[in-house]
Amino acid sequence: MEIFGEKLLLSRISVNDLDFICRLECDKNLWCFEEDVPSDEQVVREKYLHKINESDQTSSYDFIVSIATDKRKTPIGLAQVWSYIEYRKSWEIGYAILPEYGGKGYGSEAATLLLKFAFEHLHAHKVVGMCNSNNTRSSSLMEHIGMTKEAVFKEELFWQNQWTDQYYFSILEKEFFAN
């Protein structure tokens, strides 16, 4: 499965992507606002291998982000959408773009493509996203793509040895299509 954007291509992950995913998921610098970053690439490999081999891959979608014009499809990031609350038709998005590709609108486009996929193909009613309150880039990105900050979860994350707030963003199907 591939999703084409103006500048990007999102391709469903495969076993060929596992080395990249393991390096990305275990990169503490890339995930500096997360509570916990896995350090064992083998554990990450097994997690994603299980996801790839799952017979029912309908509750989580993981995509490699690459530049649309790159014929080699060199990975520049990861974009994900997963079922947040199934019976409410709510999905959650997550994304990461390698720092050397930052500031070019790739994160915004990848996140927008996830929203479009969630609403058009997964028939989501609502899509949510969360971030550490110190992660101003992620917070700004979610607002930029039309999501609304609905809540501040006070001292939700134990980050850098202290309790830190977490922002909760969302967008409804009708809001997405109104834009």
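Heads up: the structure comes first, above all this text.
Below: a short report on this structure.

Each value, and the rule that gives it
- Residues numbered from 1 in each chain as written.
- Predicted model: local features only at pLDDT ≥ 70, side-chain atom pairs only at ≥ 80, totals over all residues.
- Heavy atoms only, no water.
- Salt bridge = Lys/Arg side-chain N within 4 Å of Asp/Glu carboxyl O.
- Helix = DSSP H or I, 4+ residues; strand = E, 2+ residues; numbered from the N terminus.
- Buried < 20%, exposed > 50% of the residue type's maximum accessible area, 1.4 Å probe, protein only.
- Patch = residues over 30% accessible without salt bridge, like charges linked within 9 Å, V, L, I, M, F, W, Y side chains within 5 Å.
- Areas by Shrake-Rupley, 256 points an atom, 1.4 Å probe, with all protein chains shown as cover.
- Lys, Arg positive; Asp, Glu negative; His and termini not counted.
- Charge placed at Lys NZ, Arg CZ, Asp CG, Glu CD.
- Core = buried A, V, L, I, M, F, W, Y, C linked by side-chain atoms within 4.5 Å.
- Contact = heavy atoms within 4.5 Å.
- Pairing = 2+ DSSP bridges.
- Axes fitted to C-alpha atoms, helices over the stretch in contact; angles between N-to-C directions.

### So, the pattern of salt bridges
At step 1: All told, the structure shown has six salt bridges when counted by the stated rule.
At step 2: Residue glutamate 120 is joined to lysine 116 by a salt bridge in which the shortest nitrogen-to-oxygen separation is 3.3 Å. Taken together, the positions of glutamate 120 and lysine 116, both in helix α3 (residues 106-120) and four residues apart, correspond to about one turn of that helix.
At step 3: The class of glutamate 120 is partly exposed, set by a relative accessible area of 33%.
At step 4: For lysine 116, a relative accessible area of 39% puts it in the partly exposed group.
At step 5: With its nearest N and O atoms 3.8 Å apart, the salt bridge here joins glutamate 150 to lysine 126. Of this pair, glutamate 150 sits in strand β7 (residues 148-159) while lysine 126 sits in strand β6 (residues 126-132); the two residues are 24 residues apart in sequence, bridging distant segments of the chain.
At step 6: A residue is classified by how much of its surface remains accessible, and glutamate 150, at 45% relative accessible area, is partly exposed.

### A look at a negative patch on the surface
At step 1: Residues Glu34, Glu35, Asp36 and Glu156 make up a contiguous surface patch of negative charge.
At step 2: Here glutamate 34 is to be found in the loop between α1 (18-25) and α2 (41-53).
At step 3: In this structure glutamate 34 comes out as partly exposed when scored by relative accessible area, which is 42%.

### Section: the nonpolar core
At step 1: Counting residues in each nonpolar core, the largest one holds 34 residues, and the members touching the most others are Leu10, Phe63, Val65, Val81, Ile93, Leu115 and Val127.
At step 2: Only β2 (8-12), β3 (60-67), β4 (75-85), β5 (90-97), α3, β6, α4 (136-144) and β8 (162-172) provide two or more residues apiece to this core.
At step 3: Broken down by element, the residue count for this core peaks at nine residues, all from α3.
At step 4: Contact partners of leucine 115, with chain neighbours within four places excluded, come to Ile93, Val127, Ile145, Ile171 and Phe176.
At step 5: If you look at the next biggest cluster of nonpolar residues, it comprises 17 residues, including Leu18, Cys22, Val44 and Tyr48.

### Here we look at the sheet that holds β3
At step 1: The strand order β1-β2-β3-β4-β5-β6-β8-β7 describes an open sheet built from eight strands, whose pairing is mixed. Edge positions in the sheet fall to β1 (2-4) and β7, since each of these pairs with one other strand and no more. Looking at each pair of strands side by side, their axes are set apart by 25 degrees on average, direction ignored.
At step 2: Pairing between β3 and β4: seven bridges, direction antiparallel. For isoleucine 64, the partnering residue across the bridge sits in β4 and is leucine 78.

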